[in-house]
Amino acid sequence: MRVSVIGCGYLGAVHAAAMAELGHDVVGIDVDERKVAALTRGEAPFFEPGLPELLTAHVESGRLRFSTRMEDAAGSRIHFVAVGTPQSKTGNQADMTYVDGAIASLLPHTTAGEIIVGKSTVPVGSASRLAAVVAESGSGALLAWNPEFLREGWAVKDSLAPDRLVFGLPPEPEQAEVAESALREAYGPVLDLGTPLVVTDFATAELVKVAANAFLATKISFINAMAEIAEVTGADVTQLADAIGHDERIGRRFLGAGVGFGGGCLPKDIRAFTARAEELGRGESVAFLKEIDAINLRRRQRVVDHVVELLDDQPHGKTVAVLGLAFKPHSDDVRDSPALDVAVRLKGLGAHVRATDPEAIANSRALHPQLDYRESLEETLDGADVVVLVTEWDEYRYLDPAHVAGLVAGRRIVDARNSYDPQSWRAAGWTYRGLGRR
Ligand code: UDX
C-alpha cells in the first residue's frame, strides 16, 4: 500500500519506518529540511533505539523516502497525520495549529478513496471538526482517527507490536467501512499477531489516548503522594508500592515514586484534557488532574530541598553532580524533563551544577547553556559535594558506592528515582536520601 506520513518527529519518523517494515511504500513529509536530509541518509534525527537500523534498511530497500514537499504525498491510499500538538503558549490547551495546517496543506493533494488518518493527540471533538473541513474541501478523501500509544525508548517495538490498535471511524456506515478496510490492510501484519483492535467512533478514539495518559499520570502521582505521606511517617514508599503492586488489580508498573513524570506527552496531555473538559462544561470531572499535576511538580522541589539540606543549607558555590538530563532513560528528549528542571533550579541557587547524560546533553545545552555539561561520568563526579541521580539510566543505576566514594569530595547522594539500595550506599559511608524512603 502507498502510505504517507505527515510530520516526522518522535512519532511520525518511527511510524513511517514501521509502515515500511510492514511492507508498505512510504513517504514521510516534514517541513524541516535538516530532518528530512538526515532521514533520507537513513539517520535518526533523535535518539530512539532500533530506529536507525529500520531507517537504513528501508531507505536502502527503496520502500521509505522523505520529502519536504507535500505534493509528494499525492497518490497515497492512507495519509497519516503525525504532527505535534504542544501545549499552547497562552494556556493549558493543546495547540492545534500544526494539525490544522498539515491537513489544510495536504487536502489539495488528496482525492476520492484516500483516507486521512489522524494519529496526533488532540482535544476530543477535533476529528469531527476536521472531518467537516475534509468534506467541505471536495477532495473526496475521508477522515479516520487512529491514536498512537508509543513510548519513547520503546517506540519501534510499540509500533510493530502494540498493546492494542484503536480505529476511530466516521459516523456514516459506508465511509466507516472504506476507512476500516484500508486501516485493516495497513496494519495487516500487526493484526495477524493477535493485537487487540477497538473499532469505535471519533470521540472515543480521541478520548482513549488522553484517558490512558491521564491514568498513567494519576498512577505516578498517586504513589508520589504516598511518598509524601511516607516522608512524615517514617514509612518506605518502595515497599508500599511492592506490597500494593502484588494486587493484580493494582499492578506494580508505573508505581515508581521519585522525581515524577515529564516528557512531551503526559504533562501537556493532562493539562489539555483539563482545558477541554472545562470548555465542555465538565471541568469538575477531571479537576483531580490539576492535583495530579501539582503533586508531580512538587516532587522536583522536594529533590532540590534534599540537596540543599545535605549541603547544610549552603548550596552556593558547592559542586552538584547531576546524573541524567532526559525525562527518562532510553531517550534524548528533555521536553518538560524533571531532571533538567532540578539541575536548573540548583543552578539558580548558586550551586555549580555539573550534569551528564548518555544522550541528552545536546538538547539540554540548547535550552540551558548555563549548566556545566560533561560527557564523562567520572569527570561529572570528580570532587562533587553531592550527587543527584535524576534519570535512571543503567549507566548510573549500577554504580559501585565504594568506587564513587573515591571520586567525590562529599559522600552525599540524593536518589531521585529510588533506584539504589540505601544499605549498600550507607555501608560505604554515604549519607543517602531517597524520596519517601527511610
Ligand atoms: C507516554 C505513554 O506511556 C505513551 O503510551 C504515550 O503514547 C506517550 O506518553 P512517554 O512519554 O514516552 O510515553 O513516557 P513513559 O514511559 O510513559 O514515562 C512518562 C514519565 O513518567 C517519565 O518521565 C518517567 O520517568 C515517569 N515515570 C514512569 C515515573 O516517574 N514513575 C513510573 O513508575 C513510571
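Conventions used here
Residues numbered from 1 in each chain as written. Predicted model: local features only at pLDDT ≥ 70, side-chain atom pairs only at ≥ 80, totals over all residues. Heavy atoms only, no water. Near = heavy atom within 4 Å. Polar contact = N/O pair within 3.5 Å; in protein donor to acceptor, adjacent residues only side chain to side chain. Areas by Shrake-Rupley, 256 points an atom, 1.4 Å probe, with all protein chains shown as cover. Helix = DSSP H or I, 4+ residues; strand = E, 2+ residues; numbered from the N terminus. Nonpolar A, V, L, I, M, F, W, Y, C, P; charged D, E, K, R; others polar. Domains from an automatic or database assignment. Axes fitted to C-alpha atoms, helices over the stretch in contact; angles between N-to-C directions. Parallel < 35°, antiparallel > 145°, perpendicular 65-115°, else oblique. Left-handed = near helix turned anticlockwise from the far one by under 90°. Contact = heavy atoms within 4.5 Å. Buried area = accessible area lost by both parts, 1.4 Å probe. Salt bridge = Lys/Arg side-chain N within 4 Å of Asp/Glu carboxyl O. 1 Å grid on protein atoms, 1.4 Å probe; cavity = no way out; pocket = protein on both sides within 12 Å on 5 of 7 lines; lining within 4 Å. Points joined across faces, edges and corners; volume = space filled by probe spheres on them. Core = buried A, V, L, I, M, F, W, Y, C linked by side-chain atoms within 4.5 Å. Buried < 20%, exposed > 50% of the residue type's maximum accessible area, 1.4 Å probe, protein only. Expected span 1.5 Å × (residues − 1). Pairing = 2+ DSSP bridges. Right-handed = clockwise from strand over helix to strand, strands pointing away.

Q: Looking at this model, I keep getting lost on the site of the ligand. Mind explaining?
A: The immediate surroundings of the ligand are formed by 20 residues, with Phe-149, Leu-150, Glu-152, Gly-256 and Lys-328 found nearest. Within the contact set of the ligand, an oxygen atom lies 2.7 Å away from a backbone nitrogen or oxygen of Phe-149. Protein chains shield 90% of the accessible area of the ligand, which is 670 Å² for the free molecule. A per-element tally of the shell around the ligand places helix H9 (residues 202-233) first, with four residues. Grouping the constituent residues of the shell around the ligand by class yields 10 nonpolar, four polar and six charged. Residue contributions to the shell around the ligand reach at least three from each of two domains, namely domain 1 (2-195) and domain 2 (200-438).

Q: What exactly am I supposed to notice about the packing of H9 against helix H12 (residues 288-310) here?
A: Two elements in contact, H9 and H12, have axes separated by 9 Å at closest approach and are oriented at 50 degrees. Classified by the angle their axes make, H9 and H12 are oblique. Here H9 runs over H12; the crossing is left-handed. Residues Ala-214, Ala-217, Thr-218, Ser-221, Asn-224, Ala-225, Ala-227, Glu-228 and Glu-231 of H9 form the contact with H12, whose own contacting residues are Phe-288, Leu-289, Ile-292, Ile-295, Asn-296, Arg-298, Arg-299 and Arg-302. In the contact of H9 with H12, the residues fall into eight nonpolar, four polar and five charged.

Q: Looking at this structure, I do not really get the domain arrangement of the protein chain. What am I missing?
A: Buried accessible area, meaning the area lost when the parts come together, often serves as the stated size of an interface. What the domain assignment lists for the protein chain is domain 1 (2-195) and domain 2 (200-438). Here domain 1 and domain 2 have C-alpha centroids that lie 32 Å from each other. The interface is formed by 36 residues belonging to domain 1 together with 29 residues belonging to domain 2. Buried surface at the junction of domain 1 and domain 2, summed over both partners, amounts to about 2600 Å²; 60% is from carbon and sulfur atoms. A per-residue breakdown of the area domain 1 buries against domain 2 is headed by Phe-47, Val-124 and Glu-152, which together make up 28% of the total. In this assembly, domain 1 and domain 2 are joined by one salt bridge.

Q: Teacher, can you tell me more about empty space enclosed by the protein here?
A: Empty pockets left among the atoms are what a rolling probe the size of a water molecule brings to light. Per the stated rule, a full pass over the model turns up one cavity of 30 Å³ or more. Of the voids in this model, the largest cavity is the one considered here, and its volume is about 80 Å³. In terms of lining residues, the largest cavity is bounded by Thr-85, Ala-94, Thr-121, Val-122, Pro-123, Val-124, Val-210, Lys-268, Asp-269, Ala-272, Phe-273 and Arg-276. The element best represented in the lining of the largest cavity is helix H11 (residues 266-279), accounting for five residues. Partitioned by chemical class, the residues of the lining of the largest cavity number seven nonpolar, two polar and three charged. Each of domain 1 (2-195) and domain 2 (200-438) contributes no fewer than three residues to the lining of the largest cavity.

Q: Looking at this structure, I do not really get the nonpolar core. What am I missing?
A: For soluble globular proteins, the rule of thumb is that nonpolar side chains tend to be buried together. Val-320, Tyr-420 and Trp-430 are the most contacted members of the largest nonpolar core, which has 49 residues in total. Only H12, strand E9 (319-323), helix H13 (338-348), strand E10 (352-356), strand E12 (386-389), helix H17 (401-405) and strand E13 (412-415) provide two or more residues apiece to this core. With residues up to four places along the chain from it excluded, the contact list for Val-320 reads Val-307, Leu-311, Leu-346, Ala-351, His-352, Val-353, Arg-354, Val-386 and Val-388. Val-3, Cys-8, Tyr-10 and Val-36 belong to the second-largest nonpolar core, a separate cluster that totals 42 residues.

Q: Honestly, the environment of Ser-181 in this entry has me stumped. Any pointers?
A: Looking at where Ser-181 falls in the secondary structure, it is placed in helix H7 (residues 173-186). Its relative accessible area of 40% is what places Ser-181 among the partly exposed residues. Taking the C-alpha atoms as reference, Ser-181 lies 42 Å from Pro-338; in sequence the two are 157 residues apart.

Q: Is there a simple way to explain H12 in this structure?
A: Residues spaced three or four apart along an α-helix point in a common direction, a consequence of the helix completing one turn every 3.6 residues. The end-to-end C-alpha distance of H12, which contains 23 residues, comes to 33 Å, matching closely the 33 Å that a straight helix rising 1.5 Å per residue would cover. Asp-312 sits one or two residues past H12 and shows a positive phi near 55 degrees.

Q: Can you help me understand the pairing of strand E4 (residues 78-81) in this one?
A: For a regular strand, side chains alternate in direction, first toward one face of the sheet and then toward the other. Burial along E4 is two-sided: Ile-78 and Phe-80 and His-79 and Val-81, pointing in opposite directions, are all buried. Where strand E1 (residues 2-6) lies against E4, four bridges are found, and the strand directions are parallel. If you follow Ile-6 over to E4, its bridge partner there is Val-81. Bridge count for E4 against strand E5 (residues 115-118) is four bridges, and the pairing is parallel. Within E5, the residue paired with Ile-78 across the bridge is Ile-115. For the crossover from E4 across helix H4 (residues 97-106) to E5, the handedness is right-handed.

Q: Explain the pattern of salt bridges to me, please; I cannot follow it from the model alone.
A: Enumeration according to the criterion identifies 31 salt bridges in this entry. Between Asp-100 and Arg-129 there is a salt bridge; the shortest N-O distance is 3.1 Å. Taken together, the residues Asp-100 in helix H4 and Arg-129 in helix H5 (residues 126-137) connect sequence positions 29 residues apart. Given the relative accessible area of 38%, Arg-129 is considered partly exposed. Notably, a salt bridge pairs Glu-228 with Arg-299, separated by 3.5 Å at the nearest N-O pair.

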